[in-house]
Amino acid sequence: MGSPRRLRKKYSKPLHPWRKSRIDYEKKILEQYGLKNKREIWKTDSNLRRILQQAKRLISLDTEQAQREKTQLINRLMKYSLLKESGNLDDVLSLKIDDLLNRRLQTFVYRKNLANSVKQARQFIVHRHISVNGQKTTTPSYMVKEDEEDKILYSGRSPLSNPEHPEINKIKSRMKEIEIKREKVKEDKRIEEKKTKEERKEKVKKVKPSDKSEKKEKKEIKKKEDKK
């Protein structure tokens, strides 16, 4: 066997370790996306920085090789629906860390209502309950392509594929609660809109007679002046 290659770090730590604004932001991301530790944030941040550095370098170049690299970069980002079909390098520079975290398999499993929480989605993936395009995947940080979004399902041999599983019933009950809350919010909005419309009508009614009285007074004053 040959000598093992030297492993290169896939991320870089922040320069200032005790900056409060950064710590609060990282805590928020950890809770929102159910990440294991801050190392996962640093990895995605370093990946984003590589993409942005490549885009900045290619903007300043005007060679054939640069044009090829531009098309390759744009096509690669379009596969993950990070860019639209009409996207360009200026749109690449507007990418943020949330755009990459939203393409993780863990977030897709939660948003497709295959788990009750983001952390449970991570557990399902690690325990081989989730398959993408018919293949089991055990990496929560797997970047989902655009054509794979509808192919995220429970694996065939997983007990979760049984619709009578207790966890599936919990997910269904949570979905019902969410639908009830949405309907409540819609009803509240309708009631508020009706109230505002009624208040406006009342204001208009109150304003109209006063306007008429003022017009009448002006007409009477004009008549008196004409008589004099």
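For every chain, the first residue of its written sequence is number 1, and the numbers climb from 1 along that sequence. Note on the predicted model: pLDDT of at least 70 is required for a residue's local features to be given, and 80 or more for side-chain atom pairs to be given and counted; whole-chain, interface and lining totals, by contrast, use all residues. Heavy atoms throughout the structure, all of them, feed into the side-chain values; hydrogens and water do not.

**Describing the overall build of the protein**
Helix and strand definitions here come from DSSP, where helices need a minimum of 4 consecutive H or I residues and strands a minimum of 2 consecutive E residues; each element is numbered from the N-terminal end. Helix and strand content of the protein: eight helices and three strands. For the protein, the sequential pattern of α-helices and β-strands runs α-α-α-α-α-α-α-β-β-β-α. By definition in these notes, contact holds between two residues if any of their heavy atoms fall within 4.5 Å. Considering only contacts in the protein between residues 6 or more positions apart, those separated by 24 or more positions represent 54%. Each accessible area is a Shrake-Rupley result for a 1.4 Å probe, and residues are judged covered by the shown protein chains and nothing else. Per element, the accessible surface of the protein, about 18,000 Å² overall, is 50% carbon and sulfur.

**Remarks on the side chain of arginine 122**
Turning to its location among the elements, arginine 122 is positioned in helix α7 (residues 118–126). Accessibility expressed as a relative area gives 16% for arginine 122, which makes it buried. We define a polar contact as two N or O atoms separated by no more than 3.5 Å, with the added condition that, inside protein, one atom must be a possible hydrogen donor and the other a possible acceptor, whereas residues neighbouring each other in sequence contribute only through side-chain atom pairs. Polar side-chain contacts of arginine 122 include one of 2.7 Å to the side chain of glutamate 40. When sequence neighbours within four positions are dropped, the list of residues in contact with arginine 122 reads Gly34, Leu35, Lys36, Glu40, Arg104, Gln106 and Pro140. A simple rule labels every residue: compare its accessible area, found with a 1.4 Å probe on the protein chains alone, to the largest value its type can have, and call it buried under 20%, exposed over 50%, or partly exposed in between.

**Quick notes on the packing of helix α1 (residues 20–33) against helix α2 (residues 38–59)**
At a closest axis distance of 10 Å, the pairing of α1 and α2 adopts a crossing angle of 100°. When the axis of α1 is compared with that of α2, the two are roughly perpendicular. Within the contact between the two elements, α1 uses Ile23, Glu26, Ile29 and Leu30 and α2 uses Lys38, Ile41 and Trp42. Considering only residue class, the contact of α1 with α2 consists of five nonpolar, no polar and two charged. Simply put, an axis is a line fit to the C-alpha atoms, just over the touching stretch for a helix, and the angle between two N-to-C directions goes from 0 to 180 degrees. In this scheme, roughly parallel covers angles under 35 degrees and roughly antiparallel covers those over 145, while 65 to 115 is roughly perpendicular and the rest are oblique. Residue type decides the class: Asp, Glu, Lys and Arg count as charged, Ala, Val, Leu, Ile, Met, Phe, Trp, Tyr, Cys and Pro as nonpolar, and the leftover types, Gly among them, as polar.

**Here we look at the packing of α2 against helix α3 (residues 64–79)**
Orientation of α2 relative to α3, taken along the N-to-C sense of each, is 145°, at an axis distance of 10 Å. Two packed elements cross with a definite hand, and for α2 against α3 that hand is left-handed. Across the interface between the two elements, Ile51, Gln54, Ala55, Arg57 and Leu58 from α2 touch Ala66, Glu69, Lys70, Leu73, Arg76 and Leu77 from α3. A class-by-class count of the residues in the contact of α2 with α3 yields six nonpolar, one polar and four charged. Should the near helix be turned counterclockwise from the far one by less than a right angle, the crossing is left-handed, whereas a clockwise turn marks it as right-handed.

**Re the nonpolar core**
Of all hydrophobic cores here, the largest spans 22 residues; its most connected members are Ile29, Leu35, Leu73, Leu77 and Val92. Breaking this core down by element, the ones donating at least two residues are α1, α2, α3, α4 (89–92) and α5 (97–101). Element by element, the count of residues in this core is highest for α2, at six residues. When neighbours within four sequence positions are excluded, isoleucine 29 is seen to be in contact with Gly34, Leu35, Ile41, Ile97 and Leu101. With 16 residues, the next largest nonpolar core counts Phe124, Ile125, Leu160 and Ile168 among its residues. Grouping buried Ala, Val, Leu, Ile, Met, Phe, Trp, Tyr and Cys residues that are joined through side-chain atoms within 4.5 Å yields what is termed a nonpolar core.

**Here's the deal with a negative patch on the surface**
Together, Glu179, Glu183, Glu187, Asp188, Glu192 and Glu193 make up a region of like negative charge exposed at the surface. Relative to the assigned elements, glutamate 187 resides in helix α8 (residues 166–227). Given a relative accessible area of 46%, glutamate 187 falls into the partly exposed group. Patch definition: residues with relative accessible area over 30% and no salt bridge; like charges joined within 9 Å; nonpolar side chains (Val, Leu, Ile, Met, Phe, Trp, Tyr) joined within 5 Å. The term salt bridge refers to a pairing of a side-chain nitrogen on Lys or Arg with a carboxyl oxygen on Asp or Glu at a separation within 4 Å. In this charge count, Lys and Arg are treated as positive and Asp and Glu as negative; neither His nor the chain ends contribute. Charge positions come from single atoms, namely NZ of Lys, CZ of Arg, CG of Asp or CD of Glu.

**What about the pattern of salt bridges?**
Taken as a whole and judged by the stated rule, the model has nine salt bridges. The closest approach of N and O atoms between glutamate 167 and lysine 170, which form a salt bridge, is 3.6 Å. Linking glutamate 167 with lysine 170, this pair stays in helix α8, spanning three residues, or about one helical turn. Ionic contacts of the salt-bridge type, sharing partners, join the residues Arg22, Glu26 and Lys38 into one network.

**A word on the confidence of the model for the protein**
Within the protein, residue pLDDT values average 87, and 89% of them lie at 70 or more. Every residue gets a pLDDT, meaning the predictor's confidence in that residue, from 0 to 100. The lowest-confidence element of the protein is α8, averaging 76 in pLDDT; the highest-confidence one is helix α6 (residues 105–111), averaging 96.

**Some words on a positive patch on the surface**
Together, Arg5, Arg8, Lys9, Lys10, Lys13, Lys36, Arg39, Lys43 and Arg50 make up a positively charged patch on the protein surface. The residue arginine 39 is located in helix α2 in this model. A relative accessible area of 43% places arginine 39 in the partly exposed class.

**Some details on the sheet that holds strand β3 (residues 152–154)**
Strands sit in the order β2-β1-β3 across an open sheet of three strands; the sheet is antiparallel. Of all the strands in the sheet, the pair left with one neighbour each is β2 (135–136) and β3. Here, a strand pair is defined by DSSP locating no fewer than two bridges between the strands. With three bridges joining them, strand β1 (residues 130–132) and β3 adopt antiparallel strand pairing. For isoleucine 130, the partnering residue across the bridge sits in β3 and is tyrosine 154.

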